[in-house]
Amino acid sequence: MSNEIMLVSLALIFGSMLSGFATFRMSGMRLMPHFIALILAFILTIGTFLTSNTIVFYLAILFQILAPITVCGTICNIIKTQYQTTGIYSSHLALMGMMIVLAIGNLLM
Amino acid sequence: MIKEINVKSLRSPAMLVEKVIENTKGGILLIETDGDSQIKEISELIKKMGYKMEVDGTNVKVSIGEIEATKSINVVGASCPGPILMVGEVLERMAVGEILEIVAGANAFTDLTEGLKSMGNDILSAEKTDDGNYKILIKKEEKKKELGVSVDIDEVFIINMTGTGNAEKAYATFMMTEVAQNMKLKPTIFLMFDGASLALKGECDKVKHPAFPKLGDKLRAALKSGVKIYVCEMSSEFRGVDKKLEDGIEIAGAPTFFRFLSKPNARPVWL
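Per chain, residues are indexed from 1 in the order of the written sequence. All chains are assigned letters beginning at A, and all ligands numbers beginning at 1, according to the order in which they are written. In keeping with the predicted nature of the model, local features appear solely for residues at pLDDT of at least 70, side-chain atom pairs appear and are counted solely at 80 or more, and the whole-chain, interface and lining totals rest on all residues. In computing side-chain values, all of the structure's heavy atoms are included and hydrogens and water are not.

The name an unreviewed UniProt entry gives chain B is UPF0033 domain-containing protein, with Methanococcus maripaludis as the organism.

An unreviewed UniProt entry lists chain A under the name Sugar phosphate permease, with Methanococcus maripaludis OS7 as the source organism.

1. Things to note about the overall build of chain B
Assigned secondary structure in chain B consists of 8 helices and 13 strands. On the principal axes, the C-alpha backbone points of chain B span a range of 65 × 40 × 40 Å. For the exposure calls, accessible area comes from a 1.4 Å probe over protein chains only, and a residue counts as buried if that area is under 20% of its type's maximum, exposed if over 50%, partly exposed in between. Taken across its 271 residues, chain B has 49% of its residues classed as buried. Whether two residues are in contact is decided by their heavy atoms, any of which lying within 4.5 Å being enough. Taking the intrachain contacts of chain B between residues at least 6 apart in sequence as the baseline, contacts between residues at least 24 apart amount to 71%. Accessible surface, chain B: about 14100 Å² in total, of which carbon and sulfur atoms supply 53%. Taking the 37 positively charged and 40 negatively charged side chains of chain B as two groups, their mean positions are separated by 2 Å. Helical segments are the DSSP runs of H or I of at least four residues, strand segments are the runs of E of at least two, and each set is numbered from the N terminus. Only the protein chains shown count as cover for residues, with accessible areas throughout obtained via the Shrake-Rupley method and a probe of 1.4 Å. Within this scheme the basic residues Lys and Arg register as positive and the acidic residues Asp and Glu register as negative, but His and the chain ends are omitted. Where a charge sits is defined by one atom per residue type, namely NZ (Lys), CZ (Arg), CG (Asp) or CD (Glu).

2. Considering the pattern of salt bridges
Residues and elements named next belong to chain B. The term salt bridge refers to a side-chain nitrogen of Lys or Arg lying within 4 Å of a carboxyl oxygen of Asp or Glu. Within the structure shown, the criterion is met by 18 salt bridges over all chains. Residue K218 pairs with E178 through a salt bridge whose shortest N-O separation is 2.7 Å. Here E178 lies in helix α5 (residues 167-182) and K218 lies in helix α6 (residues 215-224), a separation of 40 residues in the sequence. Across the pair D217 and R220 runs a salt bridge whose closest N-O atoms are separated by 3.2 Å. Taken together, the positions of D217 and R220, both in helix α6 and 3 residues apart, correspond to about one turn of that helix. R220 gets classed as partly exposed once you look at its relative accessible area, which sits at 32%.

3. Description of the layout of surface pockets
Buried and open spaces are told apart on a 1 Å grid over the protein atoms alone, a cavity being a set of points where a 1.4 Å probe fits but cannot get out and a pocket being an open set with protein on both sides within 12 Å along at least five of seven lines. Residues with an atom within 4 Å of a point are the lining residues. Grid points are joined across faces, edges and corners, and a volume is the space filled by probe spheres set on the points. Roughly 1600 Å³ of internal volume is contained in the largest pocket. Forming the walls of the largest pocket are 42 residues, and the residues nearest its centre are D56, K61, N121, D122 and I123 of chain B.

4. Side note on a nonpolar patch on the surface
All names here are of chain A. Each patch groups residues whose relative accessible area exceeds 30% and which form no salt bridge, using 9 Å between like charges and 5 Å between nonpolar side chains of Val, Leu, Ile, Met, Phe, Trp and Tyr. Taken together, the side chains of Y58, I104, L107, L108 and M109 present a nonpolar region at the surface, about 580 Å² in accessible area. Here the nonpolar patch takes 3 residues from helix α5 (residues 86-108), the largest share from any one element. One can find I104 in helix α5.

5. Overview of the pairing of strand β2 (residues 28-32) of chain B
Residues and elements named next belong to chain B. The buried fraction of β2 amounts to 4 of the 5 residues, a majority that puts the element mostly inside the structure. Alignment of strand β1 (residues 2-6) against β2, held across 5 bridges, turns out to be parallel. Across the sheet, I2 pairs through a bridge with I28, a residue of β2. Handedness of a crossover is defined as follows: orient the strands so they point away from the viewer, and if the path from the first strand over the helix to the second runs clockwise, the crossover is right-handed. Handedness of the β1-helix α1 (residues 13-22)-β2 crossover: right-handed. For two strands to count as paired, DSSP must find a minimum of two bridges between them.

6. A word on the sheet that holds strand β5 (residues 71-74) of chain B
Residue and element names in this part refer to chain B. An order of β5-β6-β8-β7 is seen for the 4 strands of this open sheet, with the pairing classed as mixed. Of all the strands in the sheet, just β5 and β7 (122-128) have a single pairing partner and so form its edges. Each neighbouring strand pair of the sheet contributes to a mean axis angle of 15°, computed without reference to strand direction. Axis lines are fitted through C-alpha atoms, for helices just across the contact stretch, and the angle between N-to-C directions can take any value from 0 to 180 degrees. Along the sheet face, helix α3 (residues 82-92) touches β5, β6 (99-104) and β8 (134-139) and points at about 165° away from the line of β5. Those strands touched by helix α4 (residues 106-118) are β6, β7 and β8, and its axis lies near 10° from that of β8.

7. What to know about the UniProt feature "transmembrane region" (unreviewed entry) in chain A
All names here are of chain A. UniProt positions are given in the numbering used here, feature names are shortened, and annotations may be inferred rather than shown by experiment. UniProt records the feature "transmembrane region" (unreviewed entry) for residues 6-24, 31-50, 56-76 and 88-108 in the present numbering. Overall, residues 31-50 shows 90% helix and 0% strand. The separation of its end C-alpha atoms is 28 Å. Its end C-alpha atoms 31 Å apart, residues 56-76 is made of 95% helix and 0% strand.

8. Let's talk about the nonpolar core
All names here are of chain B. Counting 28 residues, the largest nonpolar core has L215, I229 and V231 as the members making the most contacts within it. With 5 residues, α5 is the single largest residue contributor to this core. Excluding residues that lie within four positions of it along the chain, L215 makes contacts with T164, A170, Y171, F174, L198, C204 and V207. In plain words, nonpolar cores are sets of buried Ala, Val, Leu, Ile, Met, Phe, Trp, Tyr and Cys residues tied together by side-chain atoms within 4.5 Å.

9. Considering the interface of chain A and chain B
Between chain A and chain B, the contact holds 13 residues from the first and 21 residues from the second. Carbon and sulfur atoms supply 45% of the area that chain A and chain B bury against each other, a total of about 1300 Å² over both sides. Per-element tally for the side of chain A that touches chain B: the top contributor is helix α4 (residues 72-81) of chain A, with 3 residues. Here the quantity called buried area is the accessible surface, traced with a 1.4 Å probe, that two parts lose on coming together, added over both.

10. Regarding the environment of I153 of chain B
All names here are of chain B. Structurally, I153 can be placed in the loop between β8 and β9 (155-160). Taking the relative accessible area as the measure of exposure, I153 reaches 30% and is therefore partly exposed. Sequence separation of I153 and K214 is 61 residues, and the distance between their C-alpha atoms is 31 Å. Ignoring any residue separated from it by four or fewer positions in sequence, one finds I153 in contact with L185, P264, N265, A266 and R267.

Here it is as structure tokens:
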């Protein structure tokens, strides 16, 4: 586990949650698997710092990977049918993209 | 052939109308009347004679038989704004009073009828043919200048450009429709750009705000109550949703859009 990468991941997740709330409001407050995965990733990432437990660490990585994957269904539809609105979602998408790279990096280092 | 007669102030207009129809082999008879009582008498006669008729204000239009067109144009296969441009070009070379026959696909039907009306022309007939296309007969007219008079607003033209990506505006589209209906205003919805996503079958069912009913239910309720919902042909093609539209939603284009936007008795609402 690399504490530095995990700290950057935590910052990204926190930023993602804030930008995610904006998109959540825009899209009509639909509770999506992606939303739940992101919150679990946030809790588990904090848990990693607090407990130094390996299981919690791997679960955090798992949800950091799951969160960007679960958004695909929604975002693919938006990109296909409502691409003029994607500007609103772009900050959230950028953070999601970075999160998955950092999660894989954390796993390898 | 088109015949025009004036029966204003006649006590028994049906007698004159009957005589004229008997001496007319085919075409359209335009009757200028005083109003309701004359229209009622003429309607009964036309019904008895078995002809089709349309009432437009105080005027009655009776279709007696085949109308011979001066020119004919086929715009099947062309997409917006192609049909109206092609027809406009032909019309420009025609004289006022001449009749043009247009064969058009379902995608261009509304655009042509609405667009040509706003250009001042008279739609003589519009029929669906066995192959699913439409045959429209129009008489070229000079565009009449609108007089600067005050009119009562009795229609609203609700334009959605954001689609389901902005749930609040999507809900507002149908809620404003309901409010307009309650206020005895006739609403018409036009979906363009991202708004075209609302027309995609099943897409509105994915939007459900905790405080409101399903968006899909709102859309279907609007359609059921007779509200016309148009989706921009180009926007729906851009998004690949043109082949999977919710039942009852019609494809239209720029001519329909401008026709509604230029109606003096309608106000646009942009969302």
